[in-house]
Amino acid sequence: MSDKMRINKYLSQAGVLSRRKADEAVAEGLITINGNIAQMGDMVGDGDVVMYNGVDVSIKSHKDVIVAYNKPLGLVCTSKEADKDSIFRKLDVEADGNLYYVGRLDKDSQGLLLLTNDGELANQIQKARNHHEKEYVVRVDKEIDEAFLKAMRSGVPILDRVTRPCKVYKKGPNTFSIILTEGINRQIRRMCEYLGYRVVYLKRIRVMNIKIGDLKPGEYRFLEPDEERKLRGMCR
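Residues numbered from 1 in each chain as written. Predicted model: local features only at pLDDT ≥ 70, side-chain atom pairs only at ≥ 80, totals over all residues. Heavy atoms only, no water.

A. Expanded view of the pairing of strand S7 (residues 66-71). Burial of S7 is extensive: six of the six residues sit out of reach of the surface. With burial as the criterion, each face of S7 is covered, one bearing Ile66, Ala68 and Asn70 and the other bearing Val67, Tyr69 and Lys71. Of the pairings in the sheet, the one linking S7 to strand S9 (residues 110-116) comprises six bridges and is antiparallel in character. From the neighbouring strand, Tyr69 faces S9, where its bridge partner is Leu113. Relative to strand S17 (residues 220-222), S7 runs antiparallel, the two sharing three bridges. Within S17, the residue paired with Ala68 across the bridge is Arg221. (Buried < 20%, exposed > 50% of the residue type's maximum accessible area, 1.4 Å probe, protein only. Helix = DSSP H or I, 4+ residues; strand = E, 2+ residues; numbered from the N terminus. Pairing = 2+ DSSP bridges.)

Have a look at this one:
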């Protein structure tokens, strides 16, 4: 690390805490820099000794992990302690620091979920202003027509806003694929409901350049080096 960075970014890149949680830890006096209690906005550079709860934190010794996971139906994106159906009760991935899910999937949805201990990367992927693509296959409870496809593509009013224009392709009488560049809570389900349709199947098959491939429900794999390089390049 050649340039100084804010303490919250340092802790995020070290995979210890998200930026928000890092700010909370600083406010609570849990972070020290060179033996002094850190203050909000403090900068950290080479040679500085950062500790969280008395444990040394080092970016240099930290190994980044990025996992592609096929989340099965019935599991939720919460911490292990918060829910008996948490994905983290089923996943056994060794990682330095905390493992974050990137773009949650609800209990009734399945498919590709990225997980990483690189908090900064997770942040960049999820920021709506970056317009990163996420692709889904969706089946609804009745036949879709051109009016439905046009409305979905143009933008649908939900939660006091109109969704961004997106790509939608018909795959079958009741089935379509959709590529979103934002992440509103239960977005596809809400869009369909507004147009009088109910989602009966929803599977995410791609996040940016990462595809679900032949992963079976509950299986995961570590990203290939070239996949990770391209993913990080898209986040710059």
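B. Looking closely at the state of the cysteines. Tallying each qualifying case throughout the model produces zero disulfides. There is no disulfide at Cys77, and the cysteine sulfur nearest it, in Cys235, is 18 Å away. (Disulfide = S-S within 2.5 Å.)

C. Structural detail: the environment of Leu17. With respect to the helices and strands, the residue Leu17 is situated in the loop between helix H1 (7-13) and helix H2 (19-27). With 83 residues separating them in the primary sequence, Leu17 and Tyr100 have C-alpha atoms 9.5 Å apart. What Leu17 contacts, discounting residues up to four positions off in sequence, is Leu11, Ser12, Ala22, Ala25, Tyr52 and Tyr100. (Contact = heavy atoms within 4.5 Å.)

Shape is all these values report; function is a separate question.
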